[in-house]
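Listed below, chain by chain, are the residues.
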Amino acid sequence: MLRAMTKKAYITTAIPYVNGAPHIGHALDYTLADIWARYQRQNGREVRYQTGVDEHGNKIAAKATDESLDPQAYVDKMHTNFVELIQKLNVSSTDFIRTTDGHHKGAVQYIWQQLSQAGLIYKGSYEGWYCQGCESFVTDKEAAANNGICPDHQRAYERLSEDNYYFKASQFSQQIREAIETGKLRIVPDFRKNEFLELIKDGIKDVSVSRPRKNLSWGISVPGDDDQVMYVWLDALSNYITVLGYPDREEWKEYWPADVEVVGKDILRFHAGIWPAMLLGLGLSLPKTLLVHGFVGVGGVKMSKSLGNGVGPNEVIDNYGTDAFRYYFSRHVPTQEDGDFTWEKFEQAYNNELGNDLGNLVQRVAAMVTRYQAGVIGDAPQAEHDMGPYRDAMDAYEFNKALDIVWNTVRSLNQYLENVKPWEIAKNREKDTEASDHLAEVLAHAASTLLQVSDLLAPFMPATSEAIKVMFGTGVLPAEITPLFPKIYLHTPDPRAPKA
Ligand code: MSP
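Quick notes on the rules
- Residues numbered from 1 in each chain as written.
- Predicted model: local features only at pLDDT ≥ 70, side-chain atom pairs only at ≥ 80, totals over all residues.
- Heavy atoms only, no water.
- Axes fitted to C-alpha atoms, helices over the stretch in contact; angles between N-to-C directions.
- Helix = DSSP H or I, 4+ residues; strand = E, 2+ residues; numbered from the N terminus.
- Parallel < 35°, antiparallel > 145°, perpendicular 65-115°, else oblique.
- Left-handed = near helix turned anticlockwise from the far one by under 90°.
- Contact = heavy atoms within 4.5 Å.
- Nonpolar A, V, L, I, M, F, W, Y, C, P; charged D, E, K, R; others polar.
- Core = buried A, V, L, I, M, F, W, Y, C linked by side-chain atoms within 4.5 Å.
- Buried < 20%, exposed > 50% of the residue type's maximum accessible area, 1.4 Å probe, protein only.
- Salt bridge = Lys/Arg side-chain N within 4 Å of Asp/Glu carboxyl O.

Q: Mind showing me how you'd approach the packing of helix α14 (residues 343-373) against helix α19 (residues 462-472) here?
A: Packed helices, taken two at a time, are described by their axes: the angle between them and the distance between them. Contact pair α14 / α19: the axes reach a minimum separation of 11 Å and the direction vectors enclose 10 degrees. Taken as axis vectors, α14 and α19 run roughly parallel relative to one another. Between α14 and α19 lies a crossing whose hand is left-handed. Packed against α14, whose contacting residues are Leu358, Val362, Val365 and Ala366, the element α19 presents Thr464, Ile468, Met471 and Phe472 at the interface. A breakdown of the residues in the contact of α14 with α19 according to their chemical character gives seven nonpolar, one polar and no charged.

What follows is the structure, given as structure tokens:
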């Protein structure tokens, strides 16, 4: 593979609220970012990769009260679910931030002071509709259009009227619009960019960035005003720089601006509006790209706490393994659109694509090399496939398409073996050197194609990629070969079962 010059790169993920167990939507954020991080490392870049959790706000305080815990004890308990998920997903993140970290809290207060000194924070009173699920106000128009109920959280908007501090985001409307239009702040995919530009066609509005302590107790205090607590989004968005050590540890400058910020479609408006305004207010550069993914539903239905139809990533990983999870969510959930999960679809993809297409192929080639050539892979010219389309798909953040291309290679190799029939050639290998040379060539070609597949899969399925490399990478197969993706039928009929 071509190696670019070593250069630092930085990718971030949204930090989930810890008021529940992680679901497959959270895992999607981590997985997409990890694919990018691993791909860049493969290309020789040194990648810093932030993940973490969002621990403040009323939503979390309310959950803590339900469990008779104080909020800190509650988040201390809950955040470990996310740490475990990240490990289980084999995510190669370098940083994990909790917004209750001491350094983060101090840095956010510093950010507030900077914005305040720049004349960007003022006091006002506000009345409007608020959704605690989103931790955000909506316009009267939006509230009316939704009949007073937040469609994302199925909860009634509350009418709030209070004294708050405001952040003059409006001041940066023009600058932000320009940055987005010119691609200086790139929003991927294009239709999300257009949606956002439409949303701000009358300008970005000032945002309320604090609430009276009596209405919001669990958050970072506003410096110099003990009666006010900071709005959770101001606190949360700051994580992308505080995690790097901003403002006191100089190394943040080596990584900021982020190359890519991965976010779900519901929170694009915070990342393309308020966050850039904050950065401009601080005199900092904007992230280069916002990669916006869609929502994963379950059987065509939105996951929600009230429906109880959420799928936990552990349920998937514990039965089918990490790489199968990563595969489904990067190929069958299109990177830039909404996707769907059902156990049936998942299990079919697992058995057919991972089990048959890839697992059997690897197994077959390995078995033939063992049987016919005592495990020795002959020399073959390096497989020469045009990797341009794969790279184009990766660079365009269309990870699902990149995997389609890998699967074309896998399927062609299966087809090639069906056509060439090495098991037929093998019949004459002992008496006919031409046959044995031909056989060695066929198997070497298969092994070298699989090595290339291993390279292409490395960002997506690191353990599988490594397993294939270990098998075919040294010229001699290891003595023991563990089959990849053995068949599992928990949700679909087992075709091997005896007919009743
Ligand atoms: N705490 C905020 C983010 C702050 S970032 C500075 C938040 N948390 S969240 O837990 O609601 O969402 C975290 C991430 O998960 C977001 O990117 C969100 O879009 C994503 N998803 C939540 N539900 C999802 C699906 N059903 N499908 C895919 N992703 C979804 O928002």
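Q: Please clarify how the nonpolar core should be interpreted in this entry.
A: Within soluble globular proteins, side chains that are nonpolar generally end up buried alongside one another. Residues Phe167, Trp256, Phe341, Leu358 and Phe472 are the most contacted members of the largest nonpolar core, which totals 158 residues. Per-element accounting of this core gives the leading share, 13 residues, to α14. Other than its neighbours up to four places away in sequence, Phe341 contacts Ile24, Val296, Gly297, Val298, Gly299, Val311, Val316, Tyr328, Phe329 and Phe346. In terms of nonpolar packing, the next biggest core, distinct from the first, is built from six residues, Cys134, Val138, Ala143 and Tyr157 among them.

Q: I tried to follow the pattern of salt bridges on my own but got confused; where do I start?
A: Evaluated as defined, the whole model comprises 33 salt bridges. One salt bridge in this structure joins Asp152 and Lys302, with 3.4 Å as the shortest N-O distance. Linking Asp152 in the loop between β6 (149-150) and β7 (155-156) with Lys302 in the loop between β16 (296-298) and α12 (313-320), this pair joins segments that are 150 residues apart in sequence. On the accessibility criterion, Asp152 (36% relative accessible area) is partly exposed. For Glu198, the salt bridge is made with Lys201, and the minimal N-O distance between the two is 3.4 Å. Taking the relative accessible area as the measure of exposure, Glu198 reaches 47% and is therefore partly exposed.

Q: Any chance you could explain unusual backbone geometry here in plain terms?
A: Excluding glycine, a negative phi dihedral is what most residues carry, and trans is how most peptide bonds are arranged. Omega for the peptide link from Val188 to Pro189 comes to 0 degrees, which places this bond in the cis form. Within the fold, Pro189 resides in the loop between β9 (186-188) and α7 (190-199). Going from Tyr246 to Pro247, the amide bond is cis rather than trans, its omega being 0 degrees. Its place among the elements puts Pro247 in the loop between α9 (239-242) and α10 (252-255). With a phi angle near 50 degrees, Glu135 is a residue other than glycine that sits in the positive phi range. Here Glu135 is to be found in the loop between β4 (121-131) and β5 (136-138).

By themselves, these are just geometric observations and shouldn't be taken as functional.
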